[in-house]
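Okay, here's what each chain looks like letter by letter:
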Amino acid sequence: MDQSWSVVIFGFNEGKTIADVIGKAKSFFEINKVSAELIIIDDGSIDETELTVTEFISDKVIYIRHSSNLGIGPALLSGYNKAVKENLIAIPADGQFDINELKPFLNFPENKFISFYRQELKEYSAYRKIISFLNKCFNKFFLDLNIKDVNWVKAYKTKDLKTFDLELKSSLIASEICGKLIIKKYKPIEALSVYHERKAGVARGASLSNLLDAVKELSKLVYIIRKFKKSQTEN
């Protein structure tokens, strides 16, 4: 039997692209005859997002709206906590990830997770390249996390996430999850992903405010991962 999927679509002020992302996700799972639920996380948008998403709401499309913009971490947590299907993937509502890249991994084995990674583009600014480099160095040397792109789309077994007490509230939540999975001897299946050009809206993932929020939690992340590693060793 094919594995079922919870798809978290999250964003802030992505009203011009979210309908296309939802439509493509629905079509993808219908064409592949896979049971799926879509969980839309509107992170306090003040554009047309709410009006647009309302048209899609059904028993298979769940809409959760934050009263204010809380950031990537809380948006992901809202989706993860709501998910009930066997597998779980979170994708941005900006349309920069193509859901069709998931097709080879619709059924993936236990003790694995899917880690999509982007190739660094020549168009990336020097600032973004430096941030990416520092992030990889930090993950490798402080967390023993040697994954090509921790901050891009991931797919997990939903039950695996439910066993964790996720402590971070920033965009570093992906590092916390991957770090804990690696400690538990889970193996990442890394897959090259095309990073599509944004058609509308404003990118915020690498913004200074998001960066500062993440920096504030770096020491906490190291503590969390080391504490988890110790607990696993003791068990």
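Coordinates for the structure precede this section.
Nothing here was measured: the structure is a model prediction, and the numbers come from that model.

Concerning the pattern of salt bridges
- Evaluation of the coordinates by the stated rule reveals 13 salt bridges.
- Residue R65 pairs with E50 through a salt bridge whose shortest N-O separation is 3.7 Å. Of this pair, R65 sits in strand 3 (residues 61-65) while E50 sits in helix 2 (residues 49-54), placing them 15 residues apart in sequence.
- Judged by its relative accessible area of 34%, R65 is partly exposed.
- A relative accessible area of 38% means that E50 is categorised as partly exposed.
- Residue D94 is joined to R198 by a salt bridge in which the shortest nitrogen-to-oxygen separation is 3.2 Å.

Here's the deal with the environment of K184
- Looking at the element boundaries, K184 is found in the loop between helix 6 (173-183) and strand 7 (187-193).
- Sequence separation of K184 and Q232 is 48 residues, and the distance between their C-alpha atoms is 7.5 Å.

Digging into the sheet that holds strand 7
- Spatial strand order, 3-2-1-4-6-5-7: 7 strands in an open sheet with mixed pairing. Both edges of this open sheet fall to strand 3 and strand 7, since each of them pairs with a single strand only. Between one strand and the next, the sheet's axes are offset by a mean angle of 20°, whatever the strand orientation.
- Relative to strand 6 (residues 154-157), helix 6 is tilted by about 50°, and along the sheet it contacts strand 5 (112-118), strand 6 and strand 7.

Conventions adopted
- Residues numbered from 1 in each chain as written.
- Predicted model: local features only at pLDDT ≥ 70, side-chain atom pairs only at ≥ 80, totals over all residues.
- Heavy atoms only, no water.
- Salt bridge = Lys/Arg side-chain N within 4 Å of Asp/Glu carboxyl O.
- Helix = DSSP H or I, 4+ residues; strand = E, 2+ residues; numbered from the N terminus.
- Buried < 20%, exposed > 50% of the residue type's maximum accessible area, 1.4 Å probe, protein only.
- Pairing = 2+ DSSP bridges.
- Axes fitted to C-alpha atoms, helices over the stretch in contact; angles between N-to-C directions.
- Contact = heavy atoms within 4.5 Å.

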